[in-house]
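Structure assessment
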Amino acid sequence: FFNGERLAVPKSSLSEVVIFNRPTFGVEHGWQRYKTGFLPKKIETAKLVCQEADPNLLDSFIFDLRRTFSWENSEQMPRYIGMLIQPMIAHLSTGQNPAYAILGPTKSGKGYLSSVLPAILYSRIGDQTVLVKKMPNSTYEMEVFLANCLEALFLCLDEVKNASDEEFKMIDAMCTQETLQTRVMRQGYHEIPNLITICMTAVHQNFTDETYGRLALIKLSESRSDAVAEFHTRWKDRGAELLTAIFLRLQNVDF
């Protein structure tokens, strides 16, 4: 059988298509150079809706982001920017990307930063890009839920202040595995590449040392519900243009 396959495959019209469901840094769209012994490979990446963006748009967005939210210190907002661009670079180090914990008082914008703004930025027709859920309390429940995350870019675990150490161990594992195991009823287990960006929110939470080692903490210090609402009004319709501006800026980074 294997001998027959070696002879038949090169003469067939079989090819391999690798599909990325998000803009991907450093990946070129189109056919790859042919390698002897491998199937012809084509890379398909998500296409940006907005082809051009105002070069000053990203600077205006970052300035507005800095003044609107009550970042505890100057290190917090750059970490959040890292969370926003992680879906574009996660493929460079599959299974070695941090999770994010956004902590702060009620109405400080934790929910907005964790789920609403990423959904505006990565808006698309079809499957949701951001899924929000309470912390699953078992590995089985997490595996079943991940079956709904096959096309998701962000997984937001809302209000994890009562989560146990055992539940956080699932997050620790998800931050270090190259593939994630999902379970589909009446089908069985499936493995998917670990490209999901995990975000958690809580008013306050203490994590174990192991979890702290896999987290990027983002802390807010005060409630600003009116300012967050005004920020949303200014940016809710500019997601496509803003995504293009971020991606074009990212493309200028040497790697």
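Located above this text is the structure these notes cover.
Residues numbered from 1 in each chain as written. Predicted model: local features only at pLDDT ≥ 70, side-chain atom pairs only at ≥ 80, totals over all residues. Heavy atoms only, no water.

As enumerated under the stated definition, the model contains 11 salt bridges in all. Linking Arg 234 and Asp 64 is a salt bridge whose minimum nitrogen-to-oxygen distance equals 2.8 Å. With a gap of 170 residues between them, Arg 234 in helix H8 (residues 225-235) and Asp 64 in helix H2 (residues 57-68) connect regions that are remote in the sequence. The buried category is assigned to Asp 64, whose relative accessible area is 4%. (Salt bridge = Lys/Arg side-chain N within 4 Å of Asp/Glu carboxyl O. Helix = DSSP H or I, 4+ residues; strand = E, 2+ residues; numbered from the N terminus. Buried < 20%, exposed > 50% of the residue type's maximum accessible area, 1.4 Å probe, protein only.)

Right, let's get into the sheet that holds strand S2 (residues 30-31). Read across the sheet, 3 strands follow the order S1-S3-S2 without closing on themselves; strand pairing throughout is mixed. Two strands close off the open sheet at either side, each with one partner strand: strand S1 (16-19) and S2. Relative to strand S3 (residues 41-44), S2 is paired through 2 bridges, and the arrangement is antiparallel. Each bridged residue has a counterpart across the sheet, and for Gly 30 the counterpart in S3 is Ile 43. (Pairing = 2+ DSSP bridges.)

Under the counting rule described, the total for this entry stands at 0 disulfides. With no disulfide partner, Cys 175 has as its closest neighbouring cysteine sulfur the one in Cys 199, 11 Å distant. Since its relative accessible area comes to 6%, Cys 175 is described here as buried. (Disulfide = S-S within 2.5 Å.)

In this fold, Thr 68 is placed in helix H2. One polar contact links the side chain of Thr 68 to the main-chain carbonyl oxygen of Asp 64, over a distance of 2.7 Å. In contact with Thr 68, not counting residues within four places along its chain, are Arg 224, Ala 227, Val 228, Phe 231 and Arg 234. (Polar contact = N/O pair within 3.5 Å; in protein donor to acceptor, adjacent residues only side chain to side chain. Contact = heavy atoms within 4.5 Å.)

Counted according to the given criterion, the structure contains 11 aromatic pairs. For the pair Phe 69 and Phe 231, a centre-to-centre distance of 5.5 Å together with 75° between the ring planes defines the contact as edge-to-face. Taken together, the residues Phe 69 in the loop between H2 and helix H3 (76-89) and Phe 231 in helix H8 connect sequence positions 162 residues apart. Taken individually, Phe 69 and Phe 231 each receive the classification buried, so the pair is uniform in this respect. The residue whose ring lies beneath Lys 133 is Phe 145, and the NZ or CZ to ring-centre distance is 5.1 Å. (Phe/Tyr/Trp six-rings, centres within 6.5 Å; stacked < 30°, edge-to-face > 60°. Lys NZ or Arg CZ within 6 Å of the ring centre and 35° of its normal.)

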